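The chain contents come next:
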Amino acid sequence: MQKPKFKDQRPNSKRMRFDIITIFPEFFGEAFDHGIIRRARAAGLVEVEAHDLRSWTSDKHRMVDDRPFGGGDGMVLKPEPIFAAVEALTGSSRREDYNPRTRVVLLSPQGKVLTQAMASEFVQDTEHLVLICGRYEGVDERVADALVTDEISIGDYILSGGEPAALVLVDAITRLLPGALGSETSALNESFSAGLLDCPQYTRPPEFKGMQVPDVLLGGNHAEIARWRREAALDKTARNRPDLLKKN
Ligand code: 9D3
């Protein structure tokens, strides 16, 4: 076997395509044109496209929703346009037949709550992510049964639809792709202080409107600075996220 002459500069090269199915494609506007996501797109690490669910309707009124069987308020997204969309984007409307590196996510209040570990898992084993944005009172359950590989919520509060959640998921995943940040340094820092909130940060000026930057940060004693930061992070975590300290 031939020995490579150079180390691979991108040993964990990962790319990801996101297809978002929504009744409000214009919601996403310039959302992917800034910061890390813009740079990742420019570098060819990610592709993101929002698709209008109505383009997969075939009736005159381009209906995407209907009244719930059994009665009740509100409307339910009907299955046919969503099945057609997923079939067009993945090649199949049976999740058993997707490419193993394709996942179809339904953003819904009934989903598993998104965590950093779930975002990392998507980066590890997925290259094509199809995101279905829920709306109204819900989505016909046959979508979850036949098409969806992962049903995800972003937290315990009520949104008016899945679109903001899709943005959150694209952002959380994209910044983990190798090369999207100045990655080595930043990924390292995140595991370094895992389980605690970040410590407070200050920049110039050292006094602003009578408020002082802590003296220890202005001196050069790096051991003292490290100890101050650890304690400040613990203090902030105890006050704002006591749940993080009760774990482990
Ligand atoms: C659980 C609330 N439902 C009771 C009748 C109604 C309902 C509220 C909001 C049904 C759908 C929605 C729209 N929300 C989402 O599609 C959604 C969501 C959310 O509301 N919170 C957190 N994560 C997500 S991901 C998608």
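All chains use their own residue numbering, which begins from 1 and follows the written sequence. Two thresholds apply to this predicted model, a pLDDT of at least 70 for residue-level local features and 80 or more for giving and counting side-chain atom pairs, whereas whole-chain, interface and lining totals are computed over all residues. With hydrogens and water set aside, each side-chain value is computed from the structure's full complement of heavy atoms.

Before going further, it helps to spend a moment on the domain arrangement of the protein. As assigned here, the protein comprises domain 1 (16-174) and domain 2 (191-247). For each domain, the first and last residues come from an automatic or database assignment. On a C-alpha basis, the centres of domain 1 and domain 2 stand 38 Å from each other.

Turning our eyes to something else, we now look at empty space enclosed by the protein. Empty space left among the atoms is revealed by rolling a probe the size of a water molecule over them. Only protein atoms enter the 1 Å grid, on which a cavity is a set of points fitting a 1.4 Å probe that cannot get out and a pocket is an open set with protein on both sides within 12 Å along at least 5 of 7 lines, lining residues being those with an atom within 4 Å of a point. Grid points are joined across faces, edges and corners, and a volume is the space filled by probe spheres set on the points. Summed over all chains, the structure comprises 1 cavity of 30 Å³ or more. One number sums up the size of the largest cavity: a volume of about 40 Å³. Together, Ile21, Thr22, Ile23, Leu53, Leu77, Ile82, Ile132, Cys133, Arg135 and Glu163 line the largest cavity. Helix and strand definitions follow DSSP, with helices as H or I runs of at least four residues and strands as E runs of at least two, each counted in order from the N terminus. Those elements that place two or more of their residues in the lining of the largest cavity are strand 1 (16-22) and strand 6 (128-133). When residues are grouped by polarity, Ala, Val, Leu, Ile, Met, Phe, Trp, Tyr, Cys and Pro land in nonpolar, Asp, Glu, Lys and Arg in charged, and all others, Gly among them, in polar. Its residues placed into classes, the lining of the largest cavity shows 7 nonpolar, 1 polar and 2 charged.

Further remarks concern the layout of surface pockets. Of the pockets and cavities examined, the second largest pocket occupies roughly 530 Å³. In this structure, the second largest pocket is lined by 26 residues; those nearest its centre are Leu107, Ser108, Pro109, Gln110 and Glu137. If one sorts the elements of the lining of the second largest pocket by residue count, strand 5 (residues 102-113) sits on top with 5 residues. Across the lining of the second largest pocket, the residue classes break down as 12 nonpolar, 9 polar and 5 charged.

The residue Asp140 is located in the loop between strand 7 (138-139) and helix 4 (141-146) in this model. Relative accessible area decides the class of each residue, using a 1.4 Å probe on protein chains only: under 20% of the type maximum gives buried, over 50% gives exposed, and in between gives partly exposed. Judged by relative accessible area, which is 15%, Asp140 ranks as buried. For this analysis, a polar contact is any N or O atom pair within 3.5 Å, provided that within protein one partner can donate a hydrogen and the other can accept it, and provided that sequence-adjacent residues contribute only side-chain to side-chain pairs. Of note is the side chain of Asp140, whose polar atom sits 2.8 Å from the side chain of Arg142. In what follows, residue pairs with any heavy atoms lying within 4.5 Å of each other are defined as contacts. Ignoring anything within four residues of it in the chain, the contact list for Asp140 reads Val76, Leu77 and Pro79.

A few words now on the sheet that holds strand 2 (residues 46-52). Taken in spatial order, the 5 strands make up an open sheet running 2-1-6-5-8, and their pairing is parallel. Two strands lie at the open edges of the sheet, namely strand 2 and strand 8 (150-153), each paired on one side alone. Ignoring which end each strand starts from, the neighbouring axes of this sheet average 30° apart. Bridge count between strand 1 and strand 2: 7 bridges; the pairing is parallel. Bridge pairing in strand 2 links Phe18 to Val48. Every angle, taken between N-to-C directions, lies between 0 and 180 degrees, and every axis is a line fitted to C-alpha atoms, over only the stretch in contact when it is a helix. Sheet contacts for helix 3 (residues 116-125): strand 1, strand 5, strand 6 and strand 8; angle to strand 5, the most-contacted strand, approximately 170°. Between any two strands, at least two bridges found by DSSP are needed for them to pair.

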